[in-house]
Amino acid sequence: MFVEIRTYRLKNGGIPEYLKVVGETGIAIQKKHLGNLVGYFSSEIGPVNEIVHIWSFASLDDRQARRARLAADPDWQAFLPKIRDLIVTADNKIMTPAAFSPLGGSAPA
């Protein structure tokens, strides 16, 4: 299993608008293609104006195929302008859970 952690720094004050449009339209499109949403969060303490969403995938090939299907979806392409100008920076990490993680992991290599 692989976990993708996507962190977006939004324009000052952009969290309410971002969460509104993602909640109304975007998340359904993402779930249709990406599958397992682990969590979706906004910052309260620490770096401000941050959104973090976490998705899990069976493999890196699974992630690549799912993200390609999302990118090709006309509904997703129509949705992107609603959030694009709210995002200042984006960071993406691919992680593997430890064997004792609640998500289940593999034994160390």
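All values reported here derive from a predicted model rather than from experimental measurement.

Analysis parameters
Residues numbered from 1 in each chain as written. Predicted model: local features only at pLDDT ≥ 70, side-chain atom pairs only at ≥ 80, totals over all residues. Heavy atoms only, no water. Helix = DSSP H or I, 4+ residues; strand = E, 2+ residues; numbered from the N terminus. Buried < 20%, exposed > 50% of the residue type's maximum accessible area, 1.4 Å probe, protein only. Contact = heavy atoms within 4.5 Å. Areas by Shrake-Rupley, 256 points an atom, 1.4 Å probe, with all protein chains shown as cover. Lys, Arg positive; Asp, Glu negative; His and termini not counted. Charge placed at Lys NZ, Arg CZ, Asp CG, Glu CD. UniProt positions renumbered as here; feature names shortened; annotations may be inferred. Phe/Tyr/Trp six-rings, centres within 6.5 Å; stacked < 30°, edge-to-face > 60°. Pairing = 2+ DSSP bridges. Axes fitted to C-alpha atoms, helices over the stretch in contact; angles between N-to-C directions. Core = buried A, V, L, I, M, F, W, Y, C linked by side-chain atoms within 4.5 Å.

A. Spatial organisation of the overall build of the protein chain. Each helix and strand in the protein chain was counted, giving four helices and four strands. For the protein chain, the proportion of its 109 residues judged to be buried stands at 35%. For the protein chain, contacts bridging at least 24 residues in sequence account for 71% of all contacts bridging at least 6. Roughly 6600 Å² of accessible area belongs to the protein chain as shown, and the carbon and sulfur atoms make up 57% of that amount. Seen as two clouds, the 13 positive and the 11 negative side-chain charges of the protein chain have centres 2 Å apart.

B. Broad picture of the environment of Thr 96. Structurally, Thr 96 can be placed in the segment after strand 4 (87-95). Those residues in contact with Thr 96 that sit more than four places away from it in its chain are Met 1 and Phe 2.

C. Representation of the UniProt feature "domain: NIPSNAP" (unreviewed entry) in the protein chain. Under the feature "domain: NIPSNAP" (unreviewed entry), the UniProt entry names residues 3-102. As annotated, residues 3-102 comprises 43% helix and 32% strand, and the C-alpha atoms at either end are separated by 13 Å.

D. Just the packing of aromatic side chains, in detail. Across all of its chains, the model carries two aromatic pairs by this definition. When the ring of Tyr 8 is compared with that of Tyr 18, the centres are 6.3 Å apart and the planes differ by 75°; the resulting orientation is edge-to-face. One end of the pair, Tyr 8, is in strand 1 (residues 2-10); the other, Tyr 18, is in helix 1 (residues 15-34), with ten residues separating them in the sequence. With relative accessibility at 10%, the residue Tyr 8 sits in the buried group. Residue classification places Tyr 18 among the buried positions, given a relative accessible area of 1%.

E. The sheet that holds strand 3 (residues 50-57), seen in detail. Judged by pairing direction, the sheet is antiparallel, and its four strands sit side by side in the order 2-3-1-4 without closing on themselves. Every interior strand has two partners, whereas the edge strands, strand 2 (36-42) and strand 4, have only one. Neighbour-to-neighbour, the strand axes of the sheet open up by a mean angle of 15°, direction not taken into account. Pairing between strand 1 and strand 3: eight bridges, direction antiparallel. By the bridge assignment, Phe 2 is partnered in strand 3 with Phe 57. Across the sheet, helix 1 touches strand 1, strand 2, strand 3 and strand 4, and the angle it forms with strand 3 is around 10°. Against the sheet, helix 2 (residues 60-72) touches strand 1, strand 3 and strand 4, its axis set at about 45° to strand 1.

F. Spatial organisation of the nonpolar core. Residues Leu 10, Tyr 18, Val 22, Ile 51, Phe 79 and Ile 83 are the most contacted members of the largest nonpolar core, which totals 17 residues. Secondary-structure elements contributing two or more residues to this core are strand 1, helix 1, strand 3 and helix 3 (74-79). Beyond its immediate sequence surroundings of up to four residues, Phe 79 is in contact with Val 21, Val 22, Thr 25, Gly 26 and Ile 29.

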